[in-house]
Amino acid sequence: MSAPQTMLDKLWTAHEVLQREDGVSLLWVDRHLVHEGSHHAFAKIKERGLTVAEPDLTFAIVDHYAPTRGRSKIADPEISRMINTLRDNASGNSLRIYDLDDPRQGIVHVVGPEEGLTLPGLLINCGDSHTSTHGAFGALAFGIGATEVAHVLATQTVWQRKPKSMRITVEGKLGPGVSSKDIALGWIAKLGTDGAQGHAVEYAGTVIRGLSMEGRMTLCNLSIEGGARFGIIAPDETTFAYIQGRRFAPKVAAWEAVCEYWCGLSSDEDAHFDREVVLDAAEIAPTVTWGTSPEQALPITASLPEVSNVPLSEVEAVSAALEYMGLKSGQKLEGTVVDQVFIGSCTNGRIEDLRAAALVLKGRTSKIPGFVSPGSAQVKAQAEAEGLDRIFTDAGLGWVASGCSMCVGMNGDLVGEGKRCASSTNRNFKGRQGRGARTHLMSPAMVAAAAVTGALTDVRIFLEGRV
């Protein structure tokens, strides 16, 4: 009788072509997603006289440089060049491309699931660190570098060392205003940005089972910010309901057999994990980052750390973060004045995210400027059908096209130097949203609360009718 296996074990074994003497595995890749930043890899294979090995398994998506305004005539020549290069590479290799005028265009990690390209049991690669998003479906999904992207383009395989296994179990019940973004920021703050270093994180527990697919994608998306190689969640009825009927999903005739196979991907009951972490949902609150790393996060009701009280090994990092962010040790996080807001990204740009923000903004006015960039053209169309766009624009926020936008700023959407932004994105590093930009990460509902008050605010005061 074989030993009990984790989901990681099952997925890895299913894709392992061979293993070298040093323990590194050659893995078959089921889906390869490429974007404008993949141009280096295309150049590498072209130099060697190669073309894409599996065009039908490779999908090109315009997202990182996608303008959210003025798409018909792109003013910046560098942005135009990057997009045209992807078009040329897609055309030259017979790849399906989700271009700016495609009604299915969007951020790569939103489009994949929407289209049914993301399925349980697949191995998915992309030259983007937040590829871990797709793990929400029970897929083996991780970001790779330019050299690895070239290898996948040329061979449809990737060399990878199997990570250790880690399970984060969340039990109990989430309180009002607490989302999957707060679960993620909470565990990263508790364990640190290297807390899951060298591990694949499987999320489990009653709270995880209760999350929608949008919530699960947010959680897996942020796994890498805690040092994990990727995050995964076992597929279940919630997963199947989301996938069924999508463009590239299995057809009806094979549906029951496929679902039965997907159910078998779950970790065996007695499977061993190299590390186990259990979290109590009742202890998780709406959370906001205060520094320049995702681990520098606190409940909105907390005060910033006193430099005199932090461990000596952290004094330099804490002091530098407070200085960059223009904050003082010991001050209350709530009430910190914000200059602008942004709602969007592959972390929180889906329809559920927009609904949560609109719930707070409905009938209210934003005190500060900002805009909303839906994660895809399909999300944008659905939001408009539901009237969410009018709620945002009536509140005074901009409603723009889909793309990575202000999350990374490659398309020109930036936060001004020294300005403070309440953002639903995934990284708050120095300069991430523009030179000198000060980024506070939080859920879309918390961003909406900040917009209404002009400061970092506990969203629960709106949800519980206290204002």
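That block above? That's the structure.
Residues numbered from 1 in each chain as written. Predicted model: local features only at pLDDT ≥ 70, side-chain atom pairs only at ≥ 80, totals over all residues. Heavy atoms only, no water.

Asker: Give a detailed account of the pattern of salt bridges, specifying residues and quantitative values.
Answerer: A full pass over the atoms with the stated rule returns 15 salt bridges. R167 serves as the salt-bridge partner of E276, at 2.7 Å between the closest nitrogen and oxygen. In this pair, E276 is assigned in strand β12 (residues 275-280) and R167 in strand β9 (residues 164-171), connecting sequence segments 109 residues apart. For E276, a relative accessible area of 42% translates into the label partly exposed. (Salt bridge = Lys/Arg side-chain N within 4 Å of Asp/Glu carboxyl O. Helix = DSSP H or I, 4+ residues; strand = E, 2+ residues; numbered from the N terminus. Buried < 20%, exposed > 50% of the residue type's maximum accessible area, 1.4 Å probe, protein only.)

Asker: Run through the nonpolar core, naming residues and quoting values.
Answerer: Ranked by size, the top nonpolar core spans 84 residues in total, and within it L140, F142, L153, I168, V170, Y203 and W262 carry the most contacts. Top contributing element to this core by residue count: helix α3 (residues 77-92), with five residues. The residues touching W262, leaving out its near neighbours within four places in the chain, are L119, P120, P235, F240, I243, P250 and W255. Core analysis: the second largest hydrophobic core is formed by 49 residues, L304, V338, A445 and F462 among them. (Core = buried A, V, L, I, M, F, W, Y, C linked by side-chain atoms within 4.5 Å. Contact = heavy atoms within 4.5 Å.)

Asker: Describe the sheet that holds strand β5 (residues 96-98), with residues and values.
Answerer: Backbone-to-backbone hydrogen bonds pair the strands of a sheet. The strands run either parallel or antiparallel. Strand order in the open sheet made by the five strands is β5-β4-β3-β6-β7, with parallel pairing throughout. Two strands lie at the open edges of the sheet, namely β5 and β7 (140-143), each paired on one side alone. For this sheet, the mean angle separating the axes of adjacent strands, direction not counted, is 20 degrees. Pairing analysis gives three bridges linking strand β3 (residues 31-34) to strand β6 (residues 123-126), with the strands arranged parallel. From the neighbouring strand, R31 faces β6, where its bridge partner is I124. Its contacts with the sheet put helix α5 (residues 146-155) on β3, β4 (58-61) and β6, and the angle it makes with β3 is roughly 130 degrees. (Pairing = 2+ DSSP bridges. Axes fitted to C-alpha atoms, helices over the stretch in contact; angles between N-to-C directions.)

Asker: Quick one: what's the story with the packing of aromatic side chains, residue by residue and with numbers?
Answerer: Evaluated as defined, the whole model comprises seven aromatic pairs. Ring plane angle 90 degrees and centroid distance 5.7 Å describe the contact between W255 and W262, whose orientation is recorded as edge-to-face. Grouping residues by exposure puts W255 and W262 together as buried. A cation over a ring is seen here: R69 above F371, with NZ or CZ 4.5 Å from the ring centre. When the ring centre of Y242 is taken as origin, the NZ or CZ atom of R246, which lies over that ring, is 3.9 Å away. (Phe/Tyr/Trp six-rings, centres within 6.5 Å; stacked < 30°, edge-to-face > 60°. Lys NZ or Arg CZ within 6 Å of the ring centre and 35° of its normal.)

Asker: For unusual backbone geometry, give the residues involved together with the corresponding values.
Answerer: Phi is positive for S94, which is not a glycine, with a value near 55 degrees. Mapping S94 onto the fold places it in the loop between α3 and β5. For S405, which is not a glycine, the phi torsion comes out positive at approximately 50 degrees. Locating S405 in the fold gives a position in the loop between β17 (398-399) and β18 (420-423).

What is shown is where atoms sit, not what they do.
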